[in-house]
Amino acid sequence: RDDDDVNDVASMAGVNLSEESARIMATNSDLVGTQIQSCKDEPFLAAVPLHKRILETAKKLGITDVPAEVVTFISHATQNRLRTVIEKVTVITQHRMESYKDDEWYEQATDVRSQLKFFEQLERLEKQRKDEQEREILLKAAKSRSRQEDPEQARLKQKAKEMQQQELAQMRQRDANLTALAAIGPRKKRKLDSPGLLTTGGEGLSMSGSSQAGLGTPSSRQYARQKITRVNLRDFIFYMEQEPETCRSLLLYRALLK
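For every chain, the first residue of the written sequence is number 1, and numbering continues from 1 along that sequence. Selection of residues for local features in this predicted model requires a pLDDT of at least 70, selection of side-chain atom pairs for listing and counting requires 80 or more, and totals for whole chains, interfaces and linings are taken over all residues. Side-chain calculation: all heavy atoms of the structure are included, whereas hydrogens and water are not.

*Asks:* Give me the nonpolar core: which residues, what numbers.
*Replies:* Buried residues of nine kinds, namely Ala, Val, Leu, Ile, Met, Phe, Trp, Tyr and Cys, make up a nonpolar core once their side-chain atoms join them within 4.5 Å. For every residue, the accessible area obtained with a 1.4 Å probe (protein chains only) is divided by the maximum for its type, and the residue is called buried under 20%, exposed over 50%, and partly exposed between those limits. Ranked by size, the top nonpolar core spans eight residues in total: Val85, Val89, Ile92, Ile237, Tyr239, Met240, Leu252 and Ala255. Elements represented by at least two residues in this core include exactly α4 (68-97), α7 (233-242) and α8 (250-257). Beyond its immediate chain neighbours, meaning those up to four positions away, Ile237 contacts Leu252, Ala255 and Leu256. Comment: elements are numbered from the N terminus, with helices defined as DSSP H or I runs of at least four residues and strands as E runs of at least two. Any pair of residues with heavy atoms lying within 4.5 Å of one another is described as a contacting pair.

Next comes the structure, spelled out in structure tokens:
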């Protein structure tokens, strides 16, 4: 046939699409318009306690009968709402945990941690200086041999004696620790690098029967740890402050008071 289009593969193969469509519709006419589900529609929440709770609320409004379809719908709505909340709070937590130190546009303005360490070091040096001054005073009081001693001088001598005894006890304890460490010897590092290997005589022996590549050489594989996103109360409060439904709720005020 000269009038046929060369791109019409169905007509060139001798297939009439209209007849085939009518035959399919006639064969599966009982399935047209019906809904087919491959899995059972299971509710997210327990149906019996949820139905009871809905009935208690509905009776206050003058409703005595609540069908099972309403319970299923509310259960699915709760699941969808909870999924949305978890997704948004997870994004907030990931933004909080994100570090910008490796960014080329990042410029550190202040370092609070270094400042705190500096102040702690100053306090430590000041305390050490005062302790040294007090120690010198006590040592001078202990070395004085005046015949007439006032109660303050006697108290300083007693305190100097106690300080010397404490320093002597600390030195003895330090010497005992060093002696014990010398007797034990240097600690040897374990050759077991991974939980799936057993080292015997300098050779690595794989404990799994399926993998034979670890025989004779210790495994250097590193098991990747699953990244865990930990959401705290501050992240959830920030989420509630951004949402119109919860920005003025009583739940937000209770969370702020904790």
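*Asks:* Pulling in residues and values, what's your account of the packing of aromatic side chains?
*Replies:* Side-chain rings of Phe, Tyr and Trp (the six-membered ring for Trp) are treated as a pair once their centres are within 6.5 Å; stacked means planes under 30 degrees apart, edge-to-face means over 60, and tilted covers the remaining angles. Going through the model one piece at a time under the given rule, you end up with two aromatic pairs. Here Phe236 and Tyr239 contribute two aromatic rings whose centre-to-centre distance is 6.0 Å and whose plane-to-plane angle is 40 degrees, an arrangement assigned as tilted. Linking Phe236 with Tyr239, this pair stays in helix α7, spanning three residues, or about one helical turn. Under the relative-accessibility criterion, Tyr239 is labelled buried at 3%.

*Asks:* Which residues make up α7, and what values go with them?
*Replies:* Burial in α7 covers these residues: Asp235, Ile237, Tyr239 and Met240. Looking at the packing, one finds that the buried side of α7 touches α4 and α8.

*Asks:* Quick one: what's the story with the packing of α4 against α7, residue by residue and with numbers?
*Replies:* Helix packing for two helices is described by the angle between their axes and how far apart those axes are. Contact geometry of α4 with α7 gives a least axis separation of 9 Å together with a crossing angle of 115 degrees. Here the hand of the crossing between α4 and α7 comes out right-handed. Here α4 contributes Arg81, Val85, Lys88, Val89, Ile92, Thr93 and Arg96 to the contact with α7, which in turn contributes Asp235, Phe236, Phe238 and Tyr239. Its residues assigned to classes, the contact of α4 with α7 comprises six nonpolar, one polar and four charged. Helix axes are fitted only over the stretch in contact, all axes being lines through C-alpha atoms; the angle between N-to-C directions runs from 0 to 180 degrees. A crossing counts as left-handed when the near helix is turned anticlockwise from the far one by less than a right angle, and as right-handed when that turn is clockwise. The classification used treats Ala, Val, Leu, Ile, Met, Phe, Trp, Tyr, Cys and Pro as nonpolar, Asp, Glu, Lys and Arg as charged, and all other residues, Gly among them, as polar.

*Asks:* Talk me through the layout of surface pockets; I want residue IDs and the actual numbers.
*Replies:* A pocket, in this scheme, is an open set of points on a 1 Å grid over the protein atoms alone with protein on both sides within 12 Å along at least 5 of 7 lines, while a cavity is a set where a 1.4 Å probe fits but cannot get out; residues line either one if an atom lies within 4 Å of a point. Grid points are joined across faces, edges and corners, and a volume is the space filled by probe spheres set on the points. In this structure, the largest pocket encloses a volume near 160 Å³. Lining of the largest pocket is provided by Lys101, Tyr106, Gln108, Thr110, Asp111, Arg113, Ser114 and Lys117. Among the residues making up the lining of the largest pocket, the classes are represented as one nonpolar, three polar and four charged.

*Asks:* Now, about the side chain of Thr246: what can you tell me, with residues and values included?
*Replies:* Within the secondary structure, Thr246 is located in the loop between α7 and α8. What qualifies as a polar contact is a pair of N or O atoms within 3.5 Å, subject to a donor-acceptor requirement within protein and to the restriction that residues adjacent in sequence count only when both atoms come from side chains. Polar side-chain contacts of Thr246 include one of 2.9 Å to the backbone oxygen of Met240. Discounting chain neighbours no more than four positions away, the residues touching Thr246 are Tyr239, Met240 and Leu252.

*Asks:* Run through the pattern of salt bridges, naming residues and quoting values.
*Replies:* Salt bridge, as used here, is a side-chain nitrogen of Lys or Arg placed within 4 Å of a carboxyl oxygen of Asp or Glu. A full pass over the atoms with the stated rule returns five salt bridges. The salt bridge involving Arg129 is made with Glu126; its shortest N-O contact spans 2.3 Å. Linking Arg129 with Glu126, this pair stays in helix α5 (residues 112-143), spanning three residues, or about one helical turn. Assessed through its relative accessible area of 32%, Glu126 is described here as partly exposed. A salt bridge links Asp131 to Lys127, with the shortest nitrogen-to-oxygen separation between them at 3.3 Å. Of this pair, Asp131 and Lys127 both sit in helix α5, four residues apart, which is roughly one turn of the helix.

Keep in mind that these numbers describe shape and distance, not what the molecule does.
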